[in-house]
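# Structural characterization, general
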Amino acid sequence: MRGRIVVGGLAGLLVSGCAAEAEPVAVPPPVPIAVDVAAASSGGACRLLDFAVIEELVQVRFDVAAASEQGDTHTCVVRTGGAALPELTLSVSVTTIDKTTFGADVVPDKAAKITGLGQQAYRRTTAAASGHGPVAEVGWLATDGRLATLSWTGARGSERTAAEKVTGDLAALAKKVDTRAL
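Predicted model only: the values in this text are computed from it and were never measured. (Residues numbered from 1 in each chain as written. Predicted model: local features only at pLDDT ≥ 70, side-chain atom pairs only at ≥ 80, totals over all residues. Heavy atoms only, no water.)

### Quick look at the packing of helix 2 (residues 51-58) against helix 4 (residues 160-174)
Where helix 2 contacts helix 4, the two axes come as close as 9 Å, and the packing angle between them is 145 degrees. The two elements helix 2 and helix 4 cross, and the hand of that crossing is right-handed. Contact with helix 2, carried on its side by Val53, Ile54, Leu57 and Val58, involves Asp169, Ala172 and Leu173 of helix 4 and no other residues of that element. Of the residues contributing to the contact of helix 2 with helix 4, the split by class is six nonpolar, no polar and one charged. (Axes fitted to C-alpha atoms, helices over the stretch in contact; angles between N-to-C directions. Helix = DSSP H or I, 4+ residues; strand = E, 2+ residues; numbered from the N terminus. Left-handed = near helix turned anticlockwise from the far one by under 90°. Contact = heavy atoms within 4.5 Å. Nonpolar A, V, L, I, M, F, W, Y, C, P; charged D, E, K, R; others polar.)

Put into C-alpha cells, the structure is as follows:
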C-alpha cells in the first residue's frame, strides 16, 4: 500500500509539472547610455586635442574624432556627431626646415604673423568653396622640428568674418597643442 501511495504522489507531481507554461513577461529594451569619449582615444594627432579645451577656446562642442597617419604626418579631424561641418583639423609633420625656409616656402601670401607660437607662425582665412564655408587656418613651426597646422572649415553659408574671428581662437588653441607628445 505504501508503495502505491508513493507512486501516486510521484505521478501527481509529474503531471502537475506538465501544466501549461506561463506567458513570458515583456521586458522593455535597455535605455542607451551616452558616454563621452575623449578625442585622444582616436590616437594619432587626436592625442594632442581635448574636446573640453576646444569647446572652451573655439566655443563649439565637438564629440567625434578620427585620426590618420601617412609617413611622418599625423592628422586628426573632429566634428559634431550630428553635422559634417564645421570641422577642425590638426595636422603635424616631422620636418627639418628652419625658420627662414618656413617663412619663405610655407607661410601663404597675405597671411598674418602670430607671435608667441613656436619658432614662427601665421594665420589666414580663405573664401568659401563649393560644399563648405570659409576656412580659418593657423600654421606654425614648432620648436621640436615639427610643422603643425590647425584649420577650421565652416559650414556652408557661414560668413568670412566669423572665420576671421576663429583664427584668433585657433591661435589660442595652437598654443595648447604640445606637438612633442607625438
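### Observations regarding the packing of aromatic side chains
Scanning all chains against the criterion turns up two aromatic pairs. On the numbers, 5.9 Å between centres and 70 degrees between planes, the contact of phenylalanine 62 with tryptophan 152 is edge-to-face. Here tryptophan 152 lies in strand 7 (residues 146-153) and phenylalanine 62 lies in the loop between helix 2 and strand 1 (64-70), a separation of 90 residues in the sequence. Tryptophan 152 carries the same exposure label as phenylalanine 62, and that label is buried. (Phe/Tyr/Trp six-rings, centres within 6.5 Å; stacked < 30°, edge-to-face > 60°. Buried < 20%, exposed > 50% of the residue type's maximum accessible area, 1.4 Å probe, protein only.)

### Quick look at the nonpolar core
Val78, Leu88, Leu90, Trp140 and Trp152 are the most contacted members of the largest nonpolar core, which totals 34 residues. Elements that contribute at least two residues to this core include exactly helix 2, strand 2 (73-80), strand 3 (83-94), strand 6 (135-141), strand 7 and helix 4. (Core = buried A, V, L, I, M, F, W, Y, C linked by side-chain atoms within 4.5 Å.)

### Some thoughts on unusual backbone geometry
Geometrically, the link from leucine 85 to proline 86 is a cis peptide bond, its omega value of 5 degrees lying close to zero. Following the sequence through the fold, proline 86 ends up in strand 3. In this model, glutamine 59 sits at a positive phi of 70 degrees, which is unusual for a non-glycine residue. Position of glutamine 59 relative to the elements: it lies in the loop between helix 2 and strand 1. At lysine 110, a position not held by glycine, the phi torsion is positive, near 65 degrees. With respect to the element layout, lysine 110 can be found in the loop between helix 3 (99-106) and strand 4 (112-114).

### Let's talk about the confidence of the model for the protein chain
Across the protein chain, the average pLDDT comes to 88, with 87% of residues at or above 70. Looking at the elements of the protein chain, mean pLDDT is at its lowest for helix 1 (residues 2-16), recorded as 55, and at its highest for strand 6, recorded as 98. (pLDDT = per-residue confidence, 0-100.)

### Points about the side chain of threonine 95
Relative to the assigned elements, threonine 95 resides in the loop between strand 3 and helix 3. In terms of polar contacts, threonine 95 uses its side chain to reach the backbone amide nitrogen of isoleucine 97, at 3.2 Å. Setting aside its immediate chain neighbours within four residues, threonine 95 contacts Leu141, Gly145, Arg146 and Leu147. (Polar contact = N/O pair within 3.5 Å; in protein donor to acceptor, adjacent residues only side chain to side chain.)

### Concerning the sheet that holds strand 5 (residues 120-126)
Pairing is antiparallel in the open sheet, where seven strands are placed in the order 1-2-3-7-6-5-4. For this open sheet the edge positions go to strand 1 and strand 4, each flanked by a neighbour on one side alone. The average undirected angle you get between the axes of adjacent strands in this sheet is 20 degrees. Pairing of strand 1 with strand 2 involves seven bridges; the strand directions are antiparallel. Among the inter-strand pairings, alanine 66 is bridged to a residue of strand 2, identified as valine 77. In the packing of helix 4 onto the sheet, the strands contacted are strand 3, strand 4, strand 5, strand 6 and strand 7, and the crossing angle to strand 6 comes to about 30 degrees. (Pairing = 2+ DSSP bridges.)

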